[in-house]
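Structural overview for review
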Amino acid sequence: MVITIIVLAAAAVITVIVIAIIGPAGSGDRDASTSTVERSSEVPEFSEASTPPLPLPADEGSLVAAPLPESGSAEGDVVEGFPRDVIPVAPDSEVDSTSLAVEGDRVQAGLTARSTNAANAVIDHYRAVFTSLGLTERETDAVAGSTALVFTRGADNITLTVAERADGTAYTVVGVFTAK
């Protein structure tokens, strides 16, 4: 229950950070008259057709091992104990913040950063890393002006959200893992 609350709180924080970085509806630093992003003040309606079922746990090794580090966070750096081998910082990136929330055998790791590379390059980097770890990919709903992908393996999942900016790409990566 507490992990669910932490995950929901982290999702809300990530949404606020993405909106703060790229502006409402993906406006970023661009002139509003040149933006082709459709603006909407309505929250999209829930549809079971647009929400794939959660993956079932598989008997595959976890992406993180016990003992888990302590909860913590860091601004402008990577917090101690962060699973860098699972969620590395993308090339040509500057870290805004990282966090770890640990409860029992579950850990949520979050990374918010900016890259001078295009959004597709950031996506390709993480796609290569995550698929090499045996995660499978699917698209998911995202804030206007951004792209979100979910990568899963058993009970472990990682969400990548990227938004193109005038000077590169803002991105967040949030992973939820069960240590084995």
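The coordinates are above.
Anyway, here's the lowdown on the structure attached to this text. These figures come from a predicted structure and were not determined experimentally. (Residues numbered from 1 in each chain as written. Predicted model: local features only at pLDDT ≥ 70, side-chain atom pairs only at ≥ 80, totals over all residues. Heavy atoms only, no water.)

**Considerations on the packing of aromatic side chains**
Applicable threshold: Planes of paired rings set the category: under 30 degrees apart is stacked, over 60 is edge-to-face and the rest tilted, where pairs are Phe, Tyr or Trp rings (Trp by its six-membered ring) whose centres lie within 6.5 Å. Helix and strand definitions here come from DSSP, where helices need a minimum of 4 consecutive H or I residues and strands a minimum of 2 consecutive E residues; each element is numbered from the N-terminal end. Think of it in three bands: residues with accessible area under 20% of the maximum for their type are buried, residues over 50% are exposed, and the middle band is partly exposed, with areas taken using a 1.4 Å probe on protein chains only.
What the rule picks out here adds up to three aromatic pairs. For the ring pair Tyr126 and Tyr171, a centre distance of 5.7 Å and an interplane angle of 55 degrees mean the geometry is tilted. With Tyr126 in helix α2 (residues 119-132) and Tyr171 in strand β7 (residues 168-178), this pair connects stretches of sequence that are 45 residues apart. Since its relative accessible area comes to 0%, Tyr126 is described here as buried. Residue classification places Tyr171 among the buried residues on the basis of a relative accessible area of 2%. Relative to Phe151, the ring of Phe130 lies with its centre 4.9 Å away and its plane at 65 degrees, an arrangement referred to as edge-to-face.

**Digging into the sheet that holds strand β3 (residues 106-115)**
Rule in force here: Following DSSP output, two strands are said to pair if at least two bridges run between them. Orientation is described by axes fitted as lines to C-alpha atoms, over the contacting stretch for helices, and by angles from 0 to 180 degrees between their N-to-C directions. The contact rule is simple, with two residues in contact once any of their heavy atoms fall within 4.5 Å.
Across the sheet, which stays open at both edges, the seven strands sit in the order β1-β2-β3-β7-β6-β5-β4 with antiparallel pairing between neighbours. Edge positions in the sheet fall to β1 (72-75) and β4 (136-140), since each of these pairs with one other strand and no more. Across the sheet, the mean angle separating the axes of adjacent strands is 15 degrees when strand polarity is ignored. Summarising the sheet, β1 and strand β2 (residues 93-103) pair through four bridges and their orientation is antiparallel. If you follow Ala74 over to β2, its bridge partner there is Thr98. The sheet strands contacting α2 are β3, β4, β5 (146-153), β6 (156-165) and β7, and the helix crosses β6 at an angle near 165 degrees.

**Concerning the pairing of β7**
In terms of burial, β7 is largely enclosed, as eleven of its eleven residues are buried. Sheet topology places β3 next to β7; ten bridges connect them, and they run antiparallel. Along β7, the bridge assignment pairs Thr112 with Thr172. Relative to β7, β6 runs antiparallel, the two being bridged by nine bridges. For Thr159, the partnering residue across the bridge sits in β7 and is Val174. Between β6 and the antiparallel strand that follows it, β7, lie two residues.

**Comments concerning the environment of Ala148**
Here Ala148 lies in strand β5. Look at Ala148 and you get buried, because its relative accessible area is 5%. In this structure, Ala148 is in contact with Glu139, Thr140, Asp141, Ala142, Leu160 and Thr161, ignoring residues within four places of it in sequence.

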